[in-house]
Amino acid sequence: MAQSHAHDDHAHGDHHEEGWFLKYFWSTDHKMIAKQYLLTGMALGVIGAYFAYVFRMQLAFPNKPVPGYGLVTGSDYNALVTNHGAIMIFWVAMPVLIAAFGNFLIPLMVGCDDMVFPRLNRLSYQIFLISAIVLVSSFFVEGGAFGGAWTAYPPLSAKAEYNLTPLGPTLWLAAVALEFVAFLLGGINFVTTAMNSRAPGMRALDLPMAVWMIVIASILFMCSVGPLIAGAVMLMFDQTIGTGFFDPDRGGDPVLWQHLFWFFGHPEVYVVLLPPLGFVAEIITTFSRKRLFAYKTVLYTTIGTGILSFFVWAHHQFIAGVDPRMSNVFSVTTVLISIPIAELCFVYIATLYAGSISFRVPMLWALAFIAEFLVGGVTGIFLGASGADIYFHDTYFVVAHFHYTFFPIAIIGTFAGVTYWYPKMFGRHMDETLGKIHFWVTIAGFNGIFIPLFILGAAGDHRRIFDYSNFPELASPELQAMRVFATVSLLVMLAVQPLFAWNFFRNMWKGKVAEANPWNANTLEWQCPSPPPHGNFNPMPEVYRGPYEYSQPGRADDFWPQNSPT
Amino acid sequence: MAAAGAIPRPVRGAPIIESEVVAMVIVVFCEVMFFAGFLSGFSLIGARAPAGWWPPPGDPALPVAATGGASLALLISGVAVFWAGRRLDADRAGALRLLWGAVAFATAFLAYQVFEFVRLVSIGFTMVSSAHGGFFYTIVGAHALHAVIAVAVLSWAVRRLSAGDLRPPAFTAVRMYWYFVVGLWPAIYTVVYL
Amino acid sequence: MTRALVAASLALVVAVPDVARACSTCMDPTEGSRALLVVTIFLSLLPIGMLAAIGGYVWWRAEQMRRLAAALPLLERP
């Protein structure tokens, strides 16, 4: 029992009955850390959504005071857009999808009592919390928060005389760097636990897809983050002590940052994409009562995607002056990477085919994920072609494209995961009707926001302008009407989110009590009580088969739990 | 899938790689990528500079020979740790002496680097004098920082080891980190100094 | 005729790449872009190479342990 050895070594008896503080803030229990990550991520998601509300209002109704904020100045607008992007990717998608669900699901799904290094896990959350506090604090320092876009290109991000925010960029970078350290610590736990703590009898190919996806995402993150941290160190030295890494005057090169950033930045898309793809695999098999179509294909395709994702990053730099011959290579790899992703979508559709589908709320979110992500993927092909990208670059087409990828990932994926595993996390059910209303309005609102932005982008609408009234060609009534439509859709979408919050928090205490396996699923987390007690399983499970044995002929039940001997 | 009925109860196999070693492999992996980022940036900027402008004409020549000598001390410490790992079971006291020797050699290397930094700064070569200076101090300084951590970790491990209070995989992990710090240096020396 | 024309212009593009790469957003000197290419290849292959090495080692160890277990069935725990 390697994992219990490590457990003894690393958690010298932190597990007494603890007081309130120790239980909720100093716990080494993976389920508590998962909930901490989930709630922190959701809280920051509220902040990110608020930023989106403020700058969308400014775009639709320029230079009128925004209710709940006031007049938006140019530098306010920059800071809001920058931090909206940074928060949604680094402080919402990553902590919720990887850290929260990774922490909650991996020990339960592989059938062990906790992570291999529980105290490392606690440290990971604490560093993450500090990073979030540092980020939020950057809004209250002299000059305000960083406004140089979440990509932080120098020289704008490197010199205070250009960005006019002397402290904001440094705090922003420090927060990002701390956050990466937190996820490296978490990733160590995910990989090690999935490798060494699997229940007796569980082979690597018996792991549920969600575990595989989170592990592969962690490995991708580890591969790609090093150069960005190196770049962040250099950028921070440029900002604070005035080195010249990115200053052409003194022999530096601003494009170097772009390479280091996007070397991380593109694999990062797949880092956050893979976990929700795993959730979707769990959800659609459960609610269509079918085996996952081609388990090994999904696994190898995912690994292939991970490898390919290292060869596409320069498509973010087609107009940054890279050699066009190199652009050709990256165009080809970029279009190539749509093949494995399309394959995954087809596999999921094949899984649905001829299943007995029940449209419960998690299933709706999972199906929406596939549909909306397809739109994001297909529009990506236009941008991946270097010729078309020269026109589309920095227009709203790009904005709409990556929101059609990131919204399914960060928001739809989160809702799918939360609604599916809520009974296990809190031992109670969410309300189905409220969930369906929330689902349909959110999806309609989302498409209402971003379809107009595709049209705007194709019309040449540049994305880094905070007040179009200064640009007569772009301020035409037709284009402005689409901006207003997008903003109104956003307001509609935001208006139903309190419904989710109500559904989420109220049913923690008031919801219908959930049995251990409410969805009749196979994977191990459903074979322990809801919510799982400390130590998760009693007795510890033994595994006899793969995770997707639904509707096997000759069995009374249409599901066959992994740990059931017969 | 196996037929229902008389299925033998499954057993848990021994881990393929111990957890501590997996964790250290991941840490070293990330660190390698971190330094690869620095070294790529350094060589890229060097190659893009106009002919004769890299290193910038005002910058002093780096002490290639003296640093090469100091590198030897670091390499010796790496060999000592390797040797100690091989001999730990056969000759514990000897292995412990070798490990303390490794700590001493690495400390000597670090002392030389402090001396080198002080001397270079005193002749006006600083982080802000040029991108070259920035890269030099950042890369070599980052490596030195890792060496300091490695020395601290190895000293801790040796103390635990002499008390007989260290799991073998943990010791393997410590040695891996040491090999990383030692093995990285020739790459840095080649790219930055030569 | 059209096909010949296309072939001829393609051949021309291949023969005179400097003309083909005339574009308003491209300003990279050739020496720098060679260095960029080398660094790109290095940085992309490094993690994948390391992963392949680690993965290969894990696979080899797993195989070795499996063979060992098959050779000594009596020592396996019940």
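Quick caveat, the model's predicted, so the values are computed rather than measured.

*Asks:* I keep staring at the overall build of chain A and nothing clicks. Help me out?
*Replies:* Scanning chain A from N- to C-terminus turns up 17 helices and zero strands. Compactness check: chain A gives a C-alpha radius of gyration of 23 Å against a globular reference of 24 Å for 566 residues, within 12% of the reference. Expressed along its principal axes, the backbone C-alpha trace of chain A runs to roughly 70 × 50 × 50 Å. Within the span of chain A, comprising 566 residues, buried residues form 58% of the whole. Look at the contacts in chain A between residues 6 or more apart in sequence, and 82% of them connect residues 24 or more apart.

*Asks:* Hey, could you run me through the overall build of chain C in this one?
*Replies:* Looking only at helices and strands, one finds three helices and zero strands in chain C. Across the 78 residues in chain C, those meeting the buried criterion constitute 8%.

*Asks:* Would you mind showing me how to read helix H10 (residues 295-308) of chain A here?
*Replies:* One full turn of an α-helix is made of 3.6 residues, so residues set three or four places apart face in the same direction. Residue and element names in this part refer to chain A. With 14 residues, H10 should reach 20 Å at 1.5 Å per residue; the first-to-last C-alpha distance of 20 Å fits that figure. Restricting attention to buried positions, one finds in H10 the residues Tyr295, Val298, Thr302, Thr305 and Gly306. Along the axis of H10, the buried positions cluster into a sector of 100°, meaning they face one direction only. The secondary structure elements touched by the buried residues of H10 are helix H8 (209-240), helix H9 (254-288) and helix H11 (324-352).

*Asks:* Help me understand the interface of chain A and chain B, please; the structure alone is not making it clear to me.
*Replies:* The figure often quoted for interface size is the accessible area lost as the parts come together. Across the contact, 44 residues belong to chain A and 35 residues belong to chain B. Considering every element that reaches the side of chain A that touches chain B, the biggest residue donor is H8(A), with 11 residues. Looking at the side of chain A that touches chain B, its residues break down into 26 nonpolar, 12 polar and six charged.

*Asks:* Please explain the nonpolar core as it appears in this structure.
*Replies:* One recurring pattern in soluble globular proteins is that nonpolar side chains are buried together. Residue and element names in this part refer to chain A. Formed by 245 residues in total, the largest nonpolar core has its most connected members in Ala93, Val211, Ile214, Val272, Val280, Trp365 and Ala416. Of all the elements, helix H4 (residues 74-110) adds the most residues to this core, at 25 residues. Not counting residues up to four positions away in its chain, the partners in contact with alanine 93 are Met88, Val272, Ile409 and Ala410.

*Asks:* Whenever I open this one, the confidence of the model for chain C confuses me. Can you help?
*Replies:* Low pLDDT marks regions whose predicted coordinates should not be analysed in detail. Residues and elements named next belong to chain C. In the predicted model, chain C carries a mean pLDDT of 77, and the fraction of residues at 70 or more is 69%. Within chain C, helix H2 (residues 17-20) has the poorest average pLDDT of any element, 59, and helix H3 (residues 30-71) the best, 86. Across the whole predicted complex the pTM is 0.91, and at the interface the ipTM reaches 0.92.

*Asks:* Explain the packing of H11(A) against helix H12 (residues 361-384) of chain A to me, please; I cannot follow it from the model alone.
*Replies:* To characterise two packed helices, one gives the angle between the axes of the helices and the distance between these axes. All names here are of chain A. Where H11 meets H12, the axes come as close as 10 Å, and the angle between the chain directions of the two elements is 165°. Taken together, H11 and H12 sit at an angle that is classed as roughly antiparallel. As H11 runs across H12, the sense of the crossing is left-handed. Along the contact surface, H11 presents Ser331, Thr334, Val335, Ser338, Ile341, Cys345 and Tyr348, while H12 presents Ile370, Leu374, Gly377, Gly380, Ile381 and Gly384. Of the residues assigned to the contact of H11 with H12, the class counts are seven nonpolar, six polar and no charged.

*Asks:* So what exactly am I meant to see when it comes to the environment of Val121(B) here?
*Replies:* Checked against the element boundaries, Val121(B) lands in helix H3 (residues 92-122). Residues Val121(B) and Ala147(B) lie 26 residues apart in sequence; the distance between their C-alpha atoms is 21 Å.

*Asks:* How should the confidence of the model for chain A be read in this particular structure?
*Replies:* Residues of chain A with pLDDT of at least 70 account for 97%, and the chain-wide mean is 91. Low confidence marks residues 1-15 of chain A, where pLDDT is under 50. Its contacts with residues over four positions away, or in another chain, come to 22 contacts.

*Asks:* Can you help me understand helix H1 (residues 19-48) of chain B in this one?
*Replies:* For H1(B), with 30 residues, the first-to-last C-alpha span of 43 Å sits near the 44 Å given by 1.5 Å per residue. Of all 30 residues in H1(B), 22 are buried, a share of seventy percent or more.

*Asks:* Help me understand the packing of helix H4 (residues 131-162) of chain B against helix H5 (residues 168-193) of chain B in this model?
*Replies:* All names here are of chain B. At their nearest, the axes of H4 and H5 sit 10 Å apart, and the two run at 155° to each other. Regarding the angle of H4 to H5, the classification is roughly antiparallel. Here H4 runs over H5; the crossing is left-handed. On H5, the residues that touch Phe136, Ile139, Val140, His143, His146, Ala147, Ala150, Val153, Leu154, Ala157 and Leu161 of H4 are Phe171, Val174, Tyr177, Trp178, Val181, Leu184, Trp185, Ile188 and Val192. Along the lines of polarity and charge, the residues of the contact of H4 with H5 split into 18 nonpolar, two polar and no charged.

*Asks:* Before we go on, may I ask you to explain unusual backbone geometry in this structure?
*Replies:* Trans is the prevailing form of peptide bonds, just as negative phi is the prevailing case for residues other than glycine. Here the residue pair Asn538(A) and Pro539(A) is connected by a cis peptide bond, since its omega of 0° sits within 30 degrees of zero. Here the bond from Trp54(B) into Pro55(B) is cis, since omega is -5°, no more than 30 degrees from zero. The phi dihedral of Ala149(A) is positive, around 70°, even though this residue is not glycine. Turning to its location among the elements, Ala149(A) is positioned in the loop between helix H5 (118-137) and helix H6 (160-163). Unlike most non-glycine residues, Ala294(A) shows phi in positive territory, near 60°. Within the secondary structure, Ala294(A) is located in the loop between H9 and H10. On the basis of neighbour counts, which here come to 15 C-beta atoms within 10 Å, the residue Ala294(A) falls in the partly exposed class.

Conventions used here
Residues numbered from 1 in each chain as written. Chains lettered and ligands numbered in written order. Predicted model: local features only at pLDDT ≥ 70, side-chain atom pairs only at ≥ 80, totals over all residues. Helix = DSSP H or I, 4+ residues; strand = E, 2+ residues; numbered from the N terminus. Rg over C-alpha atoms; globule rule 2.2 N^0.38 Å. Buried ≥ 20, exposed ≤ 12 C-beta atoms within 10 Å, placed from the backbone. Contact = placed C-beta atoms within 7 Å. Expected span 1.5 Å × (residues − 1). Arc of directions from axis to C-beta. Nonpolar A, V, L, I, M, F, W, Y, C, P; charged D, E, K, R; others polar. Core = buried A, V, L, I, M, F, W, Y, C linked by C-beta atoms within 7 Å. pLDDT = per-residue confidence, 0-100. Axes fitted to C-alpha atoms, helices over the stretch in contact; angles between N-to-C directions. Parallel < 35°, antiparallel > 145°, perpendicular 65-115°, else oblique. Left-handed = near helix turned anticlockwise from the far one by under 90°.

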